[in-house]
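This is what each chain is made of:
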Amino acid sequence: MSEIRLAAEPRNEFGKGAARRARRAGLVPGVVYGHGHAPVHLNLPGHELMMALKTPNALLVVPIEGKDEFVLPKAVQREAIKRTIEHVDLLLVKRGEKVTVEIPVHTEGELAPGGNLVEHVLNALPIEAEATHLPEAVTVSVEGLEAGASILAGDIKLPANVSLAVEADAVVLQIIGAQAAPAEDEAAEEEAAEA
């Protein structure tokens, strides 16, 4: 995963009014915490931050007190309708440090014939990896699987130096069979039988 460098400026004003002024100027208020460090309040460039957060677990580099630091997005607050970023919490990380994050699970391949469906029991797989080498996603093959089959966390091949942060027997995906008849058709048949 590549590092995404963001310009940031210290934030000295707090409260709703200051946050609104920052957002009008195209900035997003944020706070950086971690490693026993006092929280650092920043204003980050809104558009660049939005583009960076399109990548899951984006490793950001922001200047803090004159020094470039690695941070991971921990919590992102979005406006309910426009979905613009209102505030971001960032976690300070160090090179070589292990962190626990969730990565998306993608599927590839065709299921066995018969109208079966893939159910994502876990949409994201909890893993532990070095903060500067986080995988973006994991891909799982469902080629030829039939109804009733499932893929456990322990069955998923992970990149080197990445370990599971969930039990190996946790179900990640399961294959479910197509239903024989829609529920409304069954109700109509029952009413016809009663009449």
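Our subject in this report is the structure included herewith. (Residues numbered from 1 in each chain as written. Predicted model: local features only at pLDDT ≥ 70, side-chain atom pairs only at ≥ 80, totals over all residues. Heavy atoms only, no water.)

**A short note on helix 1 (residues 16-24)**
Every α-helical turn comprises 3.6 residues, leaving residues that sit three or four positions apart pointing alike. Where we set the bar: Any residue under 20% of the maximum accessible area for its type is buried, any over 50% is exposed, and the rest in between are partly exposed; the area is computed with a 1.4 Å probe on protein chains only. Numbering of helices and strands runs from the N terminus; a helix is a DSSP stretch of H or I covering at least four residues, while a strand is a stretch of E covering at least two. As used here, the arc belongs to the directions running from the helix axis to the C-beta atoms.
All of the buried residues along helix 1 are A18, A19 and A22. Within helix 1, the buried residues cover an arc of 100 degrees as seen down the axis, which keeps them to one side. For helix 1, exposure combined with an orientation more than 90 degrees from the buried face picks out K16 and R24. Directly beyond the C-terminal end of helix 1, a positive phi value near 85 degrees is found at G26.

**Comments concerning the pattern of salt bridges**
Which entries qualify depends on this criterion: Take a side-chain nitrogen of Lys or Arg and a carboxyl oxygen of Asp or Glu: if they are within 4 Å of each other, that pair is a salt bridge.
What the rule picks out here adds up to 4 salt bridges. As a salt-bridge pair, R5 and D68 come within 2.5 Å of each other at their nearest N and O atoms. You can see R5 sitting in strand 1 (residues 3-5) and its partner D68 sitting in strand 6 (residues 67-78), a full 63 residues away along the chain. In this structure, K94 engages E69 in a salt bridge whose closest nitrogen and oxygen atoms are separated by 3.6 Å. Placement of K94 in the loop between strand 7 (85-93) and strand 8 (98-108) and of E69 in strand 6 is noted, with a sequence separation of 25 residues between them.

**Focus on the environment of V142**
Stated precisely, the cut-off is as follows: Only heavy atoms matter for contacts: two residues are in contact if any of them lie within 4.5 Å across the pair.
Residue placement: V142 occurs in the loop between strand 11 (138-141) and strand 12 (150-152). When its relative accessible area of 2% is taken as the criterion, V142 is described as buried. Here the alpha-carbon distance between V142 and L111, two residues 31 residues apart in the chain, equals 6.1 Å. Among residues more than four places away in sequence, those in contact with V142 are T107, E108, G109, E110, L111, V118, I151 and L173.

**Details of the sheet that holds strand 8**
The condition that has to hold: Pairing between strands is defined by DSSP: at least two bridges between them are needed.
Sheet architecture is open: 4 strands sit in the order 11-8-10-13, paired in mixed fashion. Edge positions in the sheet fall to strand 11 and strand 13 (163-164), since each has one partner strand and no second. Sheet topology note: the strand 8/strand 11 ladder contains 4 bridges and is parallel. When the bridges of strand 11 are listed, H106 appears paired with T139.

**A closer look at the side chain of H87**
The condition that has to hold: The term polar contact refers here to a pair of N or O atoms within 3.5 Å; inside protein, the definition further demands a hydrogen-donor-capable atom paired with an acceptor-capable atom, and it admits residues adjacent in sequence only when both atoms are side-chain atoms.
Examined against the element boundaries, H87 turns out to sit in strand 7. Judged by its relative accessible area of 17%, H87 falls in the buried class. In terms of polar contacts, H87 uses its side chain to reach the side chain of D89, at 3.4 Å. Those residues within four positions of H87 in sequence are excluded, and the remaining contacts are R11, V28, P29, G30, V31, A75, V76 and Q77.

**Focus on the sheet that holds strand 5 (residues 59-64)**
Backbone hydrogen bonds hold the strands of a sheet together, and the pairing may be parallel or antiparallel. Put simply, the rule reads: Between N-to-C directions, angles span 0 to 180 degrees; the directions come from axes that are lines fitted to C-alpha atoms, helices contributing only their stretch in contact.
Sheet architecture is open: 7 strands sit in the order 1-5-6-7-3-4-2, paired in mixed fashion. Both edges of this open sheet fall to strand 1 and strand 2 (9-10), since each of them pairs with a single strand only. Note: strand 1 against strand 5, 3 bridges, orientation parallel. Counted as the bridge partner of I4 is L60 from strand 5. Each of strand 3 (27-34), strand 4 (37-45) and strand 7 is contacted by helix 1, which is oriented at about 120 degrees to strand 3, the strand it contacts most.

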